[in-house]
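Structural features, examined
Here is how the chains run, residue by residue.
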Amino acid sequence: MYGGICWSSISNGRCKELLSQAVTQQECCASNAAAATAYSEDDLDSGALFFWRVLGGGVPCRPCRESCAEVRCEEGKKCVVRKGRPRCVCSPECKAPRGGGPVCGTDGRSYRSLCRLKKRACKKGSHELAVAYNGHCQSSCARVRCGQGRSCLLDQNLSPHCVRCARRCPQASHQVAGVRPVCGADGNTYKSACHLRLAACRAGRAIPVAYKGHCKESADCTTIRCREGQTCLTEMGSGHPRCVTCTYRCPRKRERNREHNRDRDRDRDPSTSLLCASNNITYPSWCHIVKDACVTGFVLETRHAGPCNAYDAPFYVEENNNSTSYGVDLADQVTKIKDIGLTRKLRIRRSLT
């Protein structure tokens, strides 16, 4: 074997991320135009590599380049020399359009400018983060101006989004794949998921899919089948079933000061707002509401943005997931569900006779 080792990055004169072995310095540095590419002269065996990379803090190496000459950075980044070495840093095109100012991102965060949003997208490596609409993020559609043929729609988190609504949906047919009826959480049967989304656009608010197929008055979690990865939850009061994805990993948030939250303008940035759920518990996010619902087995909805009651309503505590933490008496709810099921059976028997 000949040559040395080519590395994809260097930190404090040490390398750990291997690109290729048995190459010359010229081959390594010529074939990789990244700013952080580095080279070490000795081609080490597997044992020596393990020692240096895992136990020795990295293999001693030298950067291929000490200036930005011939360094190619990916789109939205530029090369700068820092601490004697070239680096590709985020530098997106920030030509603000006429009337530029704050924008609301598709992540629900408010940004001072389009440039700030683009820089965050670059640093996060997110190609999905874009402008949802101009202006600060809002907690309703009242002050949202979408434009470009889009309409404002409230999601289950009661956060507005600018979406492009379908003008028409394919007709239901056995020959058309994917066009099958679904039962909406509003109790209505729709010809397809597309028809449900179209109805949501017209209503200005998201309509979750309860389950596949036609809505049935007698349906419950024992009679419907959710798709793989979903869990059936029971709606409080009605006893109707709803299929929900319960594999949520919610980000931990620091405990918030209640006085600070009362004075905060929640219309500015819903991503920083607490949420009041239908069980009169205050949650840090929609994700935590769904997580709690999956623990109890009952559907929880967002009642409104902000705490349920700034003075005496309980706050969600993730470390204490038991029935006393949810603001509802689960035993009473189970009794109500059983009573609803019995009433349905009696109605069905009477209709048959």
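Along each chain, residue indices are assigned from 1 in the same order as the chain's sequence is written. Note on the predicted model: pLDDT of at least 70 is required for a residue's local features to be given, and 80 or more for side-chain atom pairs to be given and counted; whole-chain, interface and lining totals, by contrast, use all residues. The side-chain values count all of the structure's non-hydrogen atoms but skip hydrogen atoms and water molecules.

Let's shift gears to the overall build of the chain. The secondary structure listing takes helices from DSSP runs of H or I that are at least 4 residues long and strands from runs of E that are at least 2 residues long, numbered from the N terminus. Secondary structure assignment for the chain yields seven helices and 21 strands. Type-normalised accessible area, obtained with a 1.4 Å probe on protein chains alone, sets the label of each residue: buried when under 20%, exposed when over 50%, and partly exposed for intermediate values. When the 353 residues of the chain are sorted by exposure, 35% land in the buried category. The contacts of the chain with a sequence gap of at least 6 include a subset with a gap of at least 24, amounting to 54%. Of the accessible surface of the chain, which amounts to about 22000 Å², a share of 48% is contributed by carbon and sulfur atoms. Residues count as neighbours in contact if any of their non-hydrogen atoms are within 4.5 Å of one another. Per-residue and other accessible areas follow the Shrake-Rupley method at a 1.4 Å probe size, with only the shown protein chains counted as cover for residues.

Before going further, it helps to examine the packing of aromatic side chains. Pairing of aromatic rings covers Phe, Tyr and Trp, the last counted by its six-membered ring, and requires centre-to-centre distances within 6.5 Å; plane angles under 30 degrees mean stacked, over 60 mean edge-to-face, and any other angle means tilted. Under the criterion given, the structure shown has one aromatic pair. Centroid distance F51 to W52: 5.8 Å. Interplanar angle 80 degrees. Geometry classified as edge-to-face. The class for F51 is partly exposed, based on a relative accessible area of 44%.

Next up on the list: the environment of A36. Relative to the helices and strands, A36 resides in the loop between α1 (25-31) and β4 (38-40). In this structure, the C-alpha to C-alpha distance between A36 and W7, residues 29 residues apart in sequence, is 8.4 Å. Here A36 is in contact with W7, S8, S9 and I10, once residues within four sequence places are set aside.

Bringing the sheet that holds strand β16 (residues 209-212) into the picture now. Whether two strands pair comes down to DSSP finding at least two bridges between them. Strand order in the open sheet formed by three strands is β15-β14-β16, and the pairing between neighbours is antiparallel. Of all strands in the sheet, those with a lone pairing partner are β15 (189-190) and β16, marking the two edges.

The next thing to look at is helix α2 (residues 46-55). Here a polar contact is taken to be a pair of N or O atoms separated by no more than 3.5 Å, where protein atoms must pair a possible hydrogen donor with a possible acceptor and residues adjacent in sequence count only if both atoms sit in side chains. At the N-terminal end of α2, a side-chain oxygen is found 3.2 Å from the backbone nitrogen of G47, two or three residues along, and the residue is D45. Downstream of α2 by one or two residues, G57 has phi in the positive range, about 80 degrees.

What follows covers the sheet that holds strand β3 (residues 18-23). Sheet architecture is open: four strands sit in the order β3-β1-β4-β6, paired in antiparallel fashion. On the outer flanks of this sheet lie β3 and β6 (62-63), each paired with one strand and no other. As judged from the two bridges shared by β4 and β6, these two strands associate in the antiparallel manner. Note on β6: the bridge partner recorded for Y39 is R62.

In this description, the term disulfide denotes a pair of cysteine sulfurs within 2.5 Å. Applying the stated criterion across every chain yields a total of 16 disulfides. In this model C104 forms its disulfide with C137; the gap between the sulfur atoms is 2.0 Å. Disulfide C104 to C137: torsion about the S-S bond roughly 95 degrees, handedness right-handed. Within this pair, whereas C104 is found in strand β9 (residues 103-105), its partner C137 is found in the loop between β11 (131-134) and β12 (151-154), the two being separated by 33 residues in sequence. Residue C137 is classed as buried on the basis of its relative accessible area, which comes to 1%. Residue C141 pairs covalently with C152 via a disulfide, S to S 2.1 Å. Measuring handedness by torsion sign, the sulfur bridge of C141 and C152 sits at about -80 degrees and is left-handed.

The subject of this paragraph is the confidence of the model for the chain. Summarising the model, the chain shows a mean pLDDT of 78, and 76% of its residues fall at 70 or more. Along the chain, pLDDT gives the predictor's confidence residue by residue, from 0 to 100. Residue range residues 254-272 is modelled with pLDDT below 50. Its contacts to residues more than four positions away, or to other chains, number 37 contacts. In the predicted structure, residues 320-338 sits below a pLDDT of 50 and forms 28 contacts with residues beyond four places in sequence or in another chain.

A few words on unusual backbone geometry. In this model, A22 sits at a positive phi of 55 degrees, which is unusual for a non-glycine residue. Position of A22 relative to the elements: it lies in strand β3. The exposure class of A22 is partly exposed, given its relative accessible area of 21%. Positive phi, normally seen in glycine, also occurs at N280, with a value near 65 degrees. Within the secondary structure, N280 is located in the loop between β19 (275-277) and β20 (282-283).

As a further point, take the pattern of salt bridges. Only one rule defines a salt bridge in this text: a Lys or Arg side-chain nitrogen within 4 Å of an Asp or Glu carboxyl oxygen. Tallied over the full model, the rule gives three salt bridges. The closest approach of N and O atoms between E301 and R242, which form a salt bridge, is 2.8 Å. Of the two residues, E301 sits in the loop between α6 (286-296) and β21 (302-305) while R242 sits in strand β18 (residues 241-245), which places them 59 residues apart along the sequence. What makes R242 buried here is its relative accessible area of 6%. Salt bridges here are not isolated pairs; linked through shared partners, they connect E235, R242 and E301.

Buried within helix α3 (residues 114-124) are the following residues: L117, A121 and C122. Projected onto a plane normal to the axis of α3, the buried residues spread over an arc of 135 degrees and lie on a single side. Buried residues along α3 sit in contact with β7 (77-82), β8 (85-90), β9, β10 (110-111) and β11. Where α3 terminates, the next one or two residues include G125, which has phi positive at roughly 65 degrees. Working note: the arc is built from the helix axis to C-beta atom directions.

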